[in-house]
Amino acid sequence: MVKEIYVAGEWRLGRGNVIQSLFPADNSVNAEISTATLDDVEEAIVKADQAWRKPEWRHSLPHERAKILYRVADIIESRVDELSKLQTRDNGKPLAETRALVMSAAATARFNAAACETFNEELTTQRAPDFLTMSVHEPVGVVAAITPWNSPIASEVQKLAPAIAAGNAVILKPAEATSLIALELAKIFEEAGLPKGILSVLIGRGSVIGDAIAQHPLVRKISFTGGTSTGRHLAHIAAEKLITTSLELGGKSPTIVLPDADIEIAAKGIAYGIFSSAGQACIAGSRLFIHQSIYETFLKRLVEITEGLRVGHPEQPNVHMGSLINPKHLESVHRYVELAKAEGGTVVTGGEAITAGEFAKGSFYKPTIITGLDNSAQTCQEEIFGPVLVVLPYQDEQDLIEQANDSCFGLAAGIWTENYRKAWKIARSLEVGTVWINTYKKFSISAPFGGFKDSGIGREKGRLGILSYMQQKSIYLGLNEQANLWSD
Ligand code: ADP
(Lines give C-alpha, C1' and ligand atoms only; values in the text may rest on other atoms or scores of the structure.)
Protein backbone atom coordinates (compact mmCIF):
# COMPACT_ATOMS: atom_id res chain seq x y z
CA MET A 1 0.00 0.00 0.00
CA VAL A 2 1.32 3.42 -0.94
CA LYS A 3 2.10 5.54 2.14
CA GLU A 4 0.14 8.68 2.77
CA ILE A 5 1.59 12.05 3.63
CA TYR A 6 0.41 14.27 6.49
CA VAL A 7 -1.23 17.45 5.27
CA ALA A 8 -2.53 19.79 7.98
CA GLY A 9 -3.69 17.01 10.28
CA GLU A 10 -5.08 14.75 7.53
CA TRP A 11 -3.51 11.54 6.28
CA ARG A 12 -3.93 11.27 2.56
CA LEU A 13 -2.09 10.37 -0.61
CA GLY A 14 0.13 13.14 -1.87
CA ARG A 15 -0.82 14.23 -5.36
CA GLY A 16 2.73 13.81 -6.71
CA ASN A 17 4.48 10.72 -8.05
CA VAL A 18 5.16 7.66 -5.93
CA ILE A 19 8.73 7.09 -4.71
CA GLN A 20 10.35 4.03 -3.23
CA SER A 21 12.00 3.94 0.15
CA LEU A 22 15.01 1.62 -0.17
CA PHE A 23 17.00 -0.17 2.53
CA PRO A 24 20.57 1.00 1.83
CA ALA A 25 22.13 -2.28 3.00
CA ASP A 26 20.62 -4.31 0.15
CA ASN A 27 18.47 -1.89 -1.84
CA SER A 28 15.33 -3.88 -1.09
CA VAL A 29 12.12 -1.86 -1.10
CA ASN A 30 10.90 -0.76 2.35
CA ALA A 31 7.76 0.95 1.12
CA GLU A 32 6.22 3.08 -1.58
CA ILE A 33 5.46 6.64 -0.57
CA SER A 34 3.30 9.25 -2.21
CA THR A 35 4.85 12.69 -2.59
CA ALA A 36 3.49 16.20 -2.32
CA THR A 37 2.74 18.53 -5.20
CA LEU A 38 2.84 22.31 -5.16
CA ASP A 39 -0.92 22.20 -4.46
CA ASP A 40 -0.28 20.09 -1.38
CA VAL A 41 2.35 22.61 -0.28
CA GLU A 42 -0.12 25.47 -0.73
CA GLU A 43 -2.82 23.67 1.21
CA ALA A 44 -0.54 22.68 4.09
CA ILE A 45 0.88 26.17 4.48
CA VAL A 46 -2.43 28.04 4.26
CA LYS A 47 -3.93 25.68 6.84
CA ALA A 48 -0.84 25.97 9.04
CA ASP A 49 -1.19 29.74 8.96
CA GLN A 50 -4.83 29.46 10.00
CA ALA A 51 -4.03 26.88 12.66
CA TRP A 52 -1.36 28.82 14.57
CA ARG A 53 -3.58 31.93 14.62
CA LYS A 54 -6.52 30.07 16.20
CA PRO A 55 -7.02 31.29 19.78
CA GLU A 56 -6.79 27.73 21.12
CA TRP A 57 -3.18 27.60 19.89
CA ARG A 58 -2.24 31.27 19.80
CA HIS A 59 -3.25 31.70 23.42
CA SER A 60 -2.44 28.22 24.63
CA LEU A 61 -0.50 28.28 27.86
CA PRO A 62 3.10 27.14 27.89
CA HIS A 63 2.32 24.15 30.11
CA GLU A 64 -0.33 23.00 27.61
CA ARG A 65 2.18 22.99 24.76
CA ALA A 66 4.74 21.41 27.11
CA LYS A 67 2.27 18.64 27.89
CA ILE A 68 2.14 17.67 24.21
CA LEU A 69 5.92 17.57 24.03
CA TYR A 70 6.20 15.49 27.21
CA ARG A 71 3.76 13.03 25.64
CA VAL A 72 5.78 13.02 22.42
CA ALA A 73 8.88 12.16 24.49
CA ASP A 74 7.09 9.34 26.30
CA ILE A 75 5.69 7.85 23.09
CA ILE A 76 9.06 8.02 21.33
CA GLU A 77 10.74 6.32 24.28
CA SER A 78 8.12 3.61 24.56
CA ARG A 79 8.62 2.76 20.88
CA VAL A 80 12.42 2.99 20.81
CA ASP A 81 13.03 -0.49 19.36
CA GLU A 82 10.57 -0.13 16.54
CA LEU A 83 11.65 3.44 15.69
CA SER A 84 15.33 2.57 15.62
CA LYS A 85 14.62 -0.36 13.31
CA LEU A 86 12.60 1.85 11.01
CA GLN A 87 15.34 4.43 10.91
CA THR A 88 17.95 1.80 10.14
CA ARG A 89 15.77 0.63 7.25
CA ASP A 90 15.64 4.23 6.05
CA ASN A 91 19.32 5.17 6.17
CA GLY A 92 21.42 2.06 6.78
CA LYS A 93 22.93 3.15 10.09
CA PRO A 94 23.67 0.45 12.68
CA LEU A 95 20.92 -0.11 15.21
CA ALA A 96 23.01 1.10 18.15
CA GLU A 97 23.33 4.48 16.44
CA THR A 98 19.72 4.81 15.43
CA ARG A 99 18.68 3.85 18.96
CA ALA A 100 20.83 6.67 20.33
CA LEU A 101 19.19 9.08 17.89
CA VAL A 102 15.71 8.00 18.95
CA MET A 103 16.56 8.44 22.63
CA SER A 104 18.07 11.83 21.88
CA ALA A 105 14.83 12.86 20.10
CA ALA A 106 12.84 11.95 23.22
CA ALA A 107 15.23 13.92 25.42
CA THR A 108 15.02 16.93 23.09
CA ALA A 109 11.22 16.95 23.25
CA ARG A 110 11.33 16.76 27.05
CA PHE A 111 13.98 19.47 27.36
CA ASN A 112 12.00 21.85 25.17
CA ALA A 113 8.85 21.12 27.13
CA ALA A 114 10.68 22.16 30.28
CA ALA A 115 12.22 25.21 28.58
CA CYS A 116 8.77 26.23 27.38
CA GLU A 117 7.19 25.89 30.82
CA THR A 118 9.95 27.75 32.61
CA PHE A 119 10.43 30.51 30.04
CA ASN A 120 10.01 33.90 31.70
CA GLU A 121 9.31 37.21 30.06
CA GLU A 122 11.33 40.21 31.17
CA LEU A 123 10.27 43.40 32.91
CA THR A 124 12.57 46.11 31.58
CA THR A 125 11.82 48.94 33.99
CA GLN A 126 15.13 50.28 35.23
CA ARG A 127 15.23 53.51 33.24
CA ALA A 128 11.58 54.38 33.09
CA PRO A 129 9.98 55.64 36.30
CA ASP A 130 6.76 56.82 34.65
CA PHE A 131 6.04 53.84 32.54
CA LEU A 132 6.45 50.12 32.82
CA THR A 133 8.12 48.25 29.99
CA MET A 134 7.95 44.59 29.24
CA SER A 135 9.57 42.45 26.65
CA VAL A 136 7.42 39.57 25.46
CA HIS A 137 8.08 36.85 22.93
CA GLU A 138 5.63 35.71 20.31
CA PRO A 139 5.65 32.96 17.70
CA VAL A 140 6.89 33.78 14.20
CA GLY A 141 4.02 31.86 12.54
CA VAL A 142 4.65 29.13 10.01
CA VAL A 143 8.12 27.57 10.18
CA ALA A 144 9.73 25.51 7.43
CA ALA A 145 11.82 22.67 8.86
CA ILE A 146 13.98 21.08 6.17
CA THR A 147 16.10 18.14 7.28
CA PRO A 148 18.73 15.74 5.89
CA TRP A 149 18.90 11.95 5.95
CA ASN A 150 21.85 11.38 8.21
CA SER A 151 20.39 11.86 11.71
CA PRO A 152 16.65 11.65 11.27
CA ILE A 153 14.18 11.87 14.12
CA ALA A 154 16.86 13.62 16.22
CA SER A 155 17.32 16.45 13.73
CA GLU A 156 13.57 16.70 13.12
CA VAL A 157 12.67 16.90 16.81
CA GLN A 158 15.48 19.41 17.29
CA LYS A 159 13.45 21.75 15.07
CA LEU A 160 9.89 20.66 15.79
CA ALA A 161 10.13 20.72 19.59
CA PRO A 162 11.31 24.33 20.04
CA ALA A 163 9.14 25.57 17.17
CA ILE A 164 6.02 24.01 18.67
CA ALA A 165 6.99 24.99 22.21
CA ALA A 166 7.16 28.58 20.94
CA GLY A 167 3.62 28.35 19.56
CA ASN A 168 4.32 28.11 15.83
CA ALA A 169 3.06 25.76 13.13
CA VAL A 170 5.63 23.68 11.25
CA ILE A 171 5.90 22.32 7.73
CA LEU A 172 8.45 19.50 7.84
CA LYS A 173 10.19 18.50 4.62
CA PRO A 174 12.48 15.57 5.42
CA ALA A 175 15.06 14.16 3.03
CA GLU A 176 13.38 11.73 0.64
CA ALA A 177 15.57 8.87 1.89
CA THR A 178 14.27 9.20 5.44
CA SER A 179 10.60 9.83 4.73
CA LEU A 180 9.34 6.81 6.67
CA ILE A 181 10.69 7.88 10.03
CA ALA A 182 9.47 11.46 9.45
CA LEU A 183 5.94 10.25 8.72
CA GLU A 184 6.05 8.08 11.84
CA LEU A 185 7.01 11.17 13.82
CA ALA A 186 3.90 12.93 12.53
CA LYS A 187 1.82 10.04 13.91
CA ILE A 188 3.50 10.49 17.27
CA PHE A 189 2.75 14.22 17.42
CA GLU A 190 -0.83 13.49 16.38
CA GLU A 191 -1.22 10.86 19.10
CA ALA A 192 0.29 13.30 21.62
CA GLY A 193 -2.58 15.67 20.93
CA LEU A 194 -1.08 18.31 18.64
CA PRO A 195 -3.96 20.28 17.12
CA LYS A 196 -4.72 19.77 13.43
CA GLY A 197 -2.78 21.98 11.05
CA ILE A 198 0.10 22.72 13.42
CA LEU A 199 2.22 20.08 11.72
CA SER A 200 2.42 18.88 8.13
CA VAL A 201 4.97 16.41 6.81
CA LEU A 202 5.45 16.81 3.08
CA ILE A 203 7.51 14.28 1.20
CA GLY A 204 9.18 15.29 -2.04
CA ARG A 205 12.22 16.59 -3.86
CA GLY A 206 14.16 19.30 -2.08
CA SER A 207 14.66 21.43 -5.17
CA VAL A 208 10.89 21.42 -5.87
CA ILE A 209 8.92 20.88 -2.68
CA GLY A 210 11.55 22.17 -0.22
CA ASP A 211 12.10 25.20 -2.40
CA ALA A 212 8.37 25.93 -2.72
CA ILE A 213 7.91 25.73 1.05
CA ALA A 214 10.81 28.10 1.65
CA GLN A 215 9.55 30.55 -1.01
CA HIS A 216 5.97 30.64 0.26
CA PRO A 217 5.08 34.12 1.59
CA LEU A 218 3.32 32.68 4.66
CA VAL A 219 6.46 30.85 5.78
CA ARG A 220 8.18 33.16 8.26
CA LYS A 221 11.25 31.18 9.28
CA ILE A 222 13.46 28.58 7.66
CA SER A 223 15.20 26.07 9.86
CA PHE A 224 17.49 23.94 7.75
CA THR A 225 20.09 21.25 8.25
CA GLY A 226 21.95 20.00 5.21
CA GLY A 227 24.60 20.89 2.66
CA THR A 228 26.22 24.32 2.49
CA SER A 229 25.14 25.08 -1.08
CA THR A 230 21.47 24.34 -0.29
CA GLY A 231 21.82 26.41 2.88
CA ARG A 232 23.17 29.32 0.90
CA HIS A 233 20.29 29.04 -1.55
CA LEU A 234 17.78 29.09 1.31
CA ALA A 235 19.54 32.07 2.86
CA HIS A 236 19.00 33.95 -0.44
CA ILE A 237 15.31 33.15 -0.33
CA ALA A 238 15.13 34.25 3.30
CA ALA A 239 16.96 37.49 2.50
CA GLU A 240 14.40 38.35 -0.19
CA LYS A 241 11.55 37.66 2.22
CA LEU A 242 13.30 39.35 5.16
CA ILE A 243 12.82 36.34 7.37
CA THR A 244 15.28 34.63 9.67
CA THR A 245 17.02 31.33 9.16
CA SER A 246 18.77 28.74 11.27
CA LEU A 247 21.23 26.97 9.04
CA GLU A 248 23.20 23.98 10.23
CA LEU A 249 25.52 23.12 7.36
CA GLY A 250 28.61 21.18 6.39
CA GLY A 251 31.97 20.70 8.05
CA LYS A 252 35.54 19.53 7.65
CA SER A 253 36.28 19.36 11.31
CA PRO A 254 39.87 19.22 12.54
CA THR A 255 40.81 16.82 15.30
CA ILE A 256 44.13 17.50 16.95
CA VAL A 257 46.52 15.23 18.80
CA LEU A 258 48.99 17.00 21.08
CA PRO A 259 52.29 15.27 21.90
CA ASP A 260 51.16 14.36 25.43
CA ALA A 261 47.83 12.76 24.44
CA ASP A 262 46.90 9.31 25.70
CA ILE A 263 47.47 7.52 22.41
CA GLU A 264 45.05 4.67 23.00
CA ILE A 265 42.14 6.84 24.11
CA ALA A 266 42.79 9.46 21.44
CA ALA A 267 43.11 6.96 18.60
CA LYS A 268 39.86 5.23 19.57
CA GLY A 269 38.07 8.57 19.93
CA ILE A 270 39.33 9.77 16.57
CA ALA A 271 38.27 6.56 14.83
CA TYR A 272 34.82 6.96 16.38
CA GLY A 273 34.71 10.65 15.43
CA ILE A 274 35.21 9.99 11.75
CA PHE A 275 33.96 6.45 11.12
CA SER A 276 30.75 6.28 13.15
CA SER A 277 27.76 6.82 10.86
CA ALA A 278 30.25 5.79 8.13
CA GLY A 279 31.44 9.38 8.22
CA GLN A 280 28.04 10.66 7.08
CA ALA A 281 27.87 13.33 9.74
CA CYS A 282 28.33 17.07 9.43
CA ILE A 283 30.45 16.96 12.60
CA ALA A 284 32.65 14.06 11.48
CA GLY A 285 36.24 14.69 12.54
CA SER A 286 37.53 14.34 9.01
CA ARG A 287 40.85 16.25 9.15
CA LEU A 288 43.37 14.90 11.64
CA PHE A 289 46.42 16.89 12.78
CA ILE A 290 49.06 14.90 14.69
CA HIS A 291 52.08 16.51 16.30
CA GLN A 292 55.10 15.51 14.24
CA SER A 293 56.94 14.03 17.28
CA ILE A 294 54.35 11.25 17.64
CA TYR A 295 53.08 11.14 14.06
CA GLU A 296 54.31 7.67 13.08
CA THR A 297 53.45 5.98 16.40
CA PHE A 298 50.01 7.49 16.51
CA LEU A 299 49.18 6.79 12.89
CA LYS A 300 50.24 3.14 13.27
CA ARG A 301 47.86 2.62 16.19
CA LEU A 302 45.05 4.48 14.43
CA VAL A 303 45.42 2.30 11.34
CA GLU A 304 45.30 -0.86 13.50
CA ILE A 305 42.11 0.33 15.19
CA THR A 306 40.58 1.30 11.87
CA GLU A 307 41.36 -2.07 10.34
CA GLY A 308 39.68 -3.73 13.31
CA LEU A 309 36.37 -1.92 12.77
CA ARG A 310 33.45 -4.14 11.87
CA VAL A 311 31.66 -3.00 8.74
CA GLY A 312 28.51 -4.99 8.33
CA HIS A 313 24.80 -5.36 7.96
CA PRO A 314 23.31 -2.53 10.05
CA GLU A 315 20.69 -4.80 11.58
CA GLN A 316 23.34 -7.12 13.02
CA PRO A 317 24.56 -6.41 16.56
CA ASN A 318 28.06 -5.05 17.23
CA VAL A 319 28.51 -3.45 13.83
CA HIS A 320 30.58 -0.25 13.82
CA MET A 321 29.72 0.90 10.31
CA GLY A 322 26.72 0.10 8.13
CA SER A 323 26.03 0.99 4.53
CA LEU A 324 26.37 4.41 2.95
CA ILE A 325 23.04 5.95 2.04
CA ASN A 326 23.01 4.91 -1.63
CA PRO A 327 25.21 3.83 -4.55
CA LYS A 328 25.43 7.37 -5.93
CA HIS A 329 26.85 8.61 -2.65
CA LEU A 330 29.30 5.70 -2.56
CA GLU A 331 30.52 6.78 -6.00
CA SER A 332 30.97 10.33 -4.79
CA VAL A 333 32.99 9.17 -1.76
CA HIS A 334 35.16 6.97 -3.96
CA ARG A 335 35.72 9.82 -6.42
CA TYR A 336 37.19 11.84 -3.55
CA VAL A 337 39.56 8.99 -2.72
CA GLU A 338 40.68 8.89 -6.35
CA LEU A 339 41.08 12.65 -6.29
CA ALA A 340 43.21 12.41 -3.13
CA LYS A 341 45.52 10.00 -4.95
CA ALA A 342 45.71 12.34 -7.91
CA GLU A 343 46.59 15.14 -5.50
CA GLY A 344 49.56 13.12 -4.23
CA GLY A 345 47.92 11.41 -1.24
CA THR A 346 48.63 7.87 -0.09
CA VAL A 347 45.81 5.58 0.95
CA VAL A 348 47.22 3.83 4.04
CA THR A 349 44.12 1.77 4.63
CA GLY A 350 40.74 1.30 2.93
CA GLY A 351 40.13 3.23 -0.25
CA GLU A 352 37.61 0.90 -1.83
CA ALA A 353 34.06 -0.34 -1.69
CA ILE A 354 33.29 -3.69 -0.04
CA THR A 355 31.60 -5.87 -2.60
CA ALA A 356 32.10 -9.44 -1.40
CA GLY A 357 28.98 -11.61 -1.13
CA GLU A 358 25.97 -9.88 0.42
CA PHE A 359 27.87 -6.57 0.62
CA ALA A 360 27.50 -6.21 -3.14
CA LYS A 361 23.80 -5.47 -2.72
CA GLY A 362 24.43 -2.38 -0.61
CA SER A 363 26.82 0.58 -0.56
CA PHE A 364 29.55 -0.43 1.86
CA TYR A 365 32.89 1.35 1.91
CA LYS A 366 36.04 0.55 3.86
CA PRO A 367 37.09 3.01 6.53
CA THR A 368 39.82 4.94 4.78
CA ILE A 369 42.87 6.88 5.94
CA ILE A 370 44.85 9.09 3.59
CA THR A 371 48.22 10.73 4.30
CA GLY A 372 50.67 12.87 2.37
CA LEU A 373 48.32 15.68 1.41
CA ASP A 374 48.71 19.37 2.02
CA ASN A 375 45.89 21.09 3.90
CA SER A 376 45.18 23.11 0.74
CA ALA A 377 44.35 19.92 -1.24
CA GLN A 378 40.75 19.71 -2.39
CA THR A 379 40.30 16.50 -0.36
CA CYS A 380 41.39 18.39 2.77
CA GLN A 381 39.09 21.32 2.07
CA GLU A 382 35.85 19.77 0.82
CA GLU A 383 33.32 17.78 2.80
CA ILE A 384 33.37 14.14 1.66
CA PHE A 385 30.58 12.98 4.00
CA GLY A 386 31.96 9.47 4.07
CA PRO A 387 34.41 7.26 5.99
CA VAL A 388 37.50 9.07 4.78
CA LEU A 389 40.06 10.65 7.10
CA VAL A 390 42.91 12.84 5.90
CA VAL A 391 45.91 12.94 8.24
CA LEU A 392 48.44 15.75 8.43
CA PRO A 393 51.43 16.39 10.70
CA TYR A 394 51.94 19.75 12.43
CA GLN A 395 55.03 21.36 13.90
CA ASP A 396 53.91 23.73 16.62
CA GLU A 397 50.84 25.43 17.98
CA GLN A 398 50.95 28.34 15.60
CA ASP A 399 51.29 26.11 12.56
CA LEU A 400 48.46 23.97 13.93
CA ILE A 401 46.03 26.84 14.47
CA GLU A 402 46.76 28.25 11.02
CA GLN A 403 46.14 24.92 9.30
CA ALA A 404 43.10 24.00 11.39
CA ASN A 405 41.47 27.36 10.69
CA ASP A 406 42.40 27.28 7.02
CA SER A 407 38.99 25.98 5.95
CA CYS A 408 35.81 27.56 4.73
CA PHE A 409 33.99 25.46 7.37
CA GLY A 410 33.85 25.98 11.11
CA LEU A 411 31.53 23.43 12.60
CA ALA A 412 33.50 21.48 15.20
CA ALA A 413 36.93 20.38 16.39
CA GLY A 414 38.48 17.82 18.71
CA ILE A 415 41.58 18.19 20.89
CA TRP A 416 43.34 15.26 22.55
CA THR A 417 45.75 16.15 25.35
CA GLU A 418 46.29 15.80 29.09
CA ASN A 419 47.11 19.51 29.31
CA TYR A 420 43.84 21.40 29.80
CA ARG A 421 45.53 24.81 29.83
CA LYS A 422 46.84 24.19 26.33
CA ALA A 423 43.56 22.67 25.25
CA TRP A 424 41.67 25.72 26.48
CA LYS A 425 43.99 28.08 24.59
CA ILE A 426 43.69 26.09 21.38
CA ALA A 427 39.92 25.72 21.80
CA ARG A 428 39.60 29.51 22.04
CA SER A 429 41.71 29.99 18.90
CA LEU A 430 39.75 27.61 16.69
CA GLU A 431 37.09 29.16 14.46
CA VAL A 432 34.43 26.55 15.12
CA GLY A 433 31.08 26.32 16.90
CA THR A 434 31.83 23.25 19.06
CA VAL A 435 35.08 21.97 20.54
CA TRP A 436 35.40 18.56 22.13
CA ILE A 437 38.40 18.02 24.42
CA ASN A 438 39.27 14.37 25.09
CA THR A 439 35.97 13.26 23.66
CA TYR A 440 34.17 13.64 20.34
CA LYS A 441 30.67 13.67 18.87
CA LYS A 442 29.08 13.86 22.30
CA PHE A 443 26.03 16.04 22.69
CA SER A 444 24.20 17.70 25.49
CA ILE A 445 20.83 19.21 24.67
CA SER A 446 21.66 22.08 27.03
CA ALA A 447 24.70 23.16 24.95
CA PRO A 448 23.92 25.36 21.94
CA PHE A 449 25.03 23.91 18.61
CA GLY A 450 25.86 25.58 15.31
CA GLY A 451 28.64 26.62 13.01
CA PHE A 452 31.08 29.41 12.30
CA LYS A 453 31.85 30.50 8.71
CA ASP A 454 30.26 28.33 5.97
CA SER A 455 29.05 25.83 8.57
CA GLY A 456 25.97 27.86 9.32
CA ILE A 457 24.06 30.64 10.98
CA GLY A 458 22.27 30.54 14.31
CA ARG A 459 22.32 28.05 17.14
CA GLU A 460 20.01 25.16 17.92
CA LYS A 461 19.49 23.50 21.31
CA GLY A 462 20.15 24.99 24.72
CA ARG A 463 17.56 26.65 26.95
CA LEU A 464 17.46 29.61 24.61
CA GLY A 465 17.09 27.55 21.41
CA ILE A 466 13.38 28.28 21.65
CA LEU A 467 14.14 31.99 21.10
CA SER A 468 15.05 31.46 17.47
CA TYR A 469 11.43 30.44 16.85
CA MET A 470 10.04 33.58 18.49
CA GLN A 471 9.99 37.28 17.84
CA GLN A 472 10.34 39.85 20.54
CA LYS A 473 7.83 42.58 21.27
CA SER A 474 8.26 45.48 23.69
CA ILE A 475 5.17 46.78 25.46
CA TYR A 476 5.04 50.15 27.24
CA LEU A 477 2.45 50.88 29.93
CA GLY A 478 2.20 54.57 30.89
CA LEU A 479 1.90 55.08 34.66
CA ASN A 480 1.31 58.87 34.76
CA GLU A 481 -2.16 60.26 34.79
CA GLN A 482 -1.05 63.16 32.60
CA ALA A 483 -1.04 63.82 28.91
CA ASN A 484 2.26 63.08 27.16
CA LEU A 485 4.63 65.99 27.37
CA TRP A 486 6.02 67.26 24.06
CA SER A 487 9.73 66.71 23.86
CA ASP A 488 11.59 68.41 21.08
P1 ADP B 1 22.41 16.40 1.87
O2 ADP B 1 23.65 16.44 1.05
O3 ADP B 1 22.60 16.17 3.32
O4 ADP B 1 21.30 15.58 1.27
P5 ADP B 1 20.93 18.67 0.99
O6 ADP B 1 21.22 20.07 1.32
O7 ADP B 1 20.95 18.27 -0.43
O8 ADP B 1 21.96 17.89 1.87
O9 ADP B 1 19.53 18.19 1.59
C10 ADP B 1 19.05 18.49 2.86
C11 ADP B 1 17.56 18.74 2.78
O12 ADP B 1 17.34 19.87 1.95
C13 ADP B 1 16.77 17.60 2.16
O14 ADP B 1 15.50 17.52 2.80
C15 ADP B 1 16.61 18.07 0.73
O16 ADP B 1 15.49 17.49 0.08
C17 ADP B 1 16.42 19.56 0.93
N18 ADP B 1 16.73 20.39 -0.25
C19 ADP B 1 17.62 20.12 -1.23
N20 ADP B 1 17.61 21.13 -2.14
C21 ADP B 1 16.72 22.05 -1.72
C22 ADP B 1 16.25 23.31 -2.22
N23 ADP B 1 16.71 23.82 -3.34
N24 ADP B 1 15.32 23.98 -1.51
C25 ADP B 1 14.84 23.48 -0.35
N26 ADP B 1 15.23 22.29 0.17
C27 ADP B 1 16.16 21.58 -0.51
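Conventions adopted
- Residues numbered from 1 in each chain as written.
- Predicted model: local features only at pLDDT ≥ 70, side-chain atom pairs only at ≥ 80, totals over all residues.
- Heavy atoms only, no water.
- Helix = DSSP H or I, 4+ residues; strand = E, 2+ residues; numbered from the N terminus.
- Contact = heavy atoms within 4.5 Å.
- Buried < 20%, exposed > 50% of the residue type's maximum accessible area, 1.4 Å probe, protein only.
- Pairing = 2+ DSSP bridges.
- Lys, Arg positive; Asp, Glu negative; His and termini not counted.
- Salt bridge = Lys/Arg side-chain N within 4 Å of Asp/Glu carboxyl O.
- Near = heavy atom within 4 Å.
- Polar contact = N/O pair within 3.5 Å; in protein donor to acceptor, adjacent residues only side chain to side chain.
- Areas by Shrake-Rupley, 256 points an atom, 1.4 Å probe, with all protein chains shown as cover.
- Nonpolar A, V, L, I, M, F, W, Y, C, P; charged D, E, K, R; others polar.
- UniProt positions renumbered as here; feature names shortened; annotations may be inferred.
- Axes fitted to C-alpha atoms, helices over the stretch in contact; angles between N-to-C directions.
- Patch = residues over 30% accessible without salt bridge, like charges linked within 9 Å, V, L, I, M, F, W, Y side chains within 5 Å.
- Charge placed at Lys NZ, Arg CZ, Asp CG, Glu CD.

On to the side chain of serine 84, then. Along the chain, serine 84 falls in helix α4 (residues 80–91). Excluding anything up to four places from it in sequence, serine 84 contacts Leu95, Thr98, Arg99 and Val102.

Counted residue by residue, strand β11 (residues 244–248) has four buried out of five residues, so it is predominantly covered. Strand direction decides the pairing type here: strand β10 (residues 219–225) and β11, joined by five bridges, are parallel. Bridging from a neighbouring strand, serine 223 pairs with serine 246 of β11. Direction of pairing for β11 relative to strand β23 (residues 456–457): antiparallel, over a ladder of two bridges. Paired with leucine 247 across the two strands is isoleucine 457, which belongs to β23.

This paragraph deals with the side chain of lysine 461. In this structure, lysine 461 sits in the loop between β23 and β24 (470–478). Nearest to the buried, unbridged lysine 461 among oppositely charged side chains is glutamate 460, at 7.9 Å. Those residues in contact with lysine 461 that lie beyond four places of it in its chain are Gln158, Phe443, Ser444, Ile445, Ala447, Pro448 and Phe449.

The next subject is the site of the ligand. As a structural note, the neighbourhood of the ligand is formed by 18 residues, with Thr147, Lys173, Gly206, Gly227 and Thr230 the closest of them. At 3.4 Å from an oxygen atom of the ligand is found a side-chain nitrogen or oxygen belonging to tryptophan 149. Look at the ligand: alone it shows 550 Å² of surface, and the protein chains cover 77% of it. When residues of the shell around the ligand are traced back to their parent elements, those giving at least two are α8 (206–215), β10 and α9 (228–241). Among the residues forming the shell around the ligand, the class breakdown is seven nonpolar, nine polar and two charged.

Moving on, we get to the UniProt feature "active site" (unreviewed entry) in the protein chain. Annotation from UniProt places "active site" (unreviewed entry) at Glu248. Secondary-structure assignment places glutamate 248 in strand β11. Looking at glutamate 248, the relative accessible area reads 7%, which means it is buried. Look past the residues within four positions of glutamate 248 in its chain and what remains in contact with it is Phe224, Thr225, Gly226, Cys282, Leu411, Phe449, Ser455 and Glu460.

Paired through their backbone hydrogen bonds, the strands of a sheet run either parallel or antiparallel. Strands sit in the order β14-β17-β18-β13-β12-β20-β21 across an open sheet of seven strands; the sheet is mixed. On the outer flanks of this sheet lie β14 (346–349) and β21 (434–437), each paired with one strand and no other. Adjacent strand axes in the sheet meet at a mean angle of 25° when their direction is disregarded. Sheet topology note: the strand β12 (residues 254–257)/strand β20 (residues 412–416) ladder contains three bridges and is parallel. Within β20, the residue paired with isoleucine 256 across the bridge is isoleucine 415.

With that settled, consider a negative patch on the surface. A grouping of Asp374, Asp396, Glu402 and Asp406 is seen on the molecular surface, where their side chains present a negatively charged patch. Relative to the elements of secondary structure, glutamate 402 occurs in helix α14 (residues 397–405). Given the relative accessible area of 52%, glutamate 402 is considered exposed.

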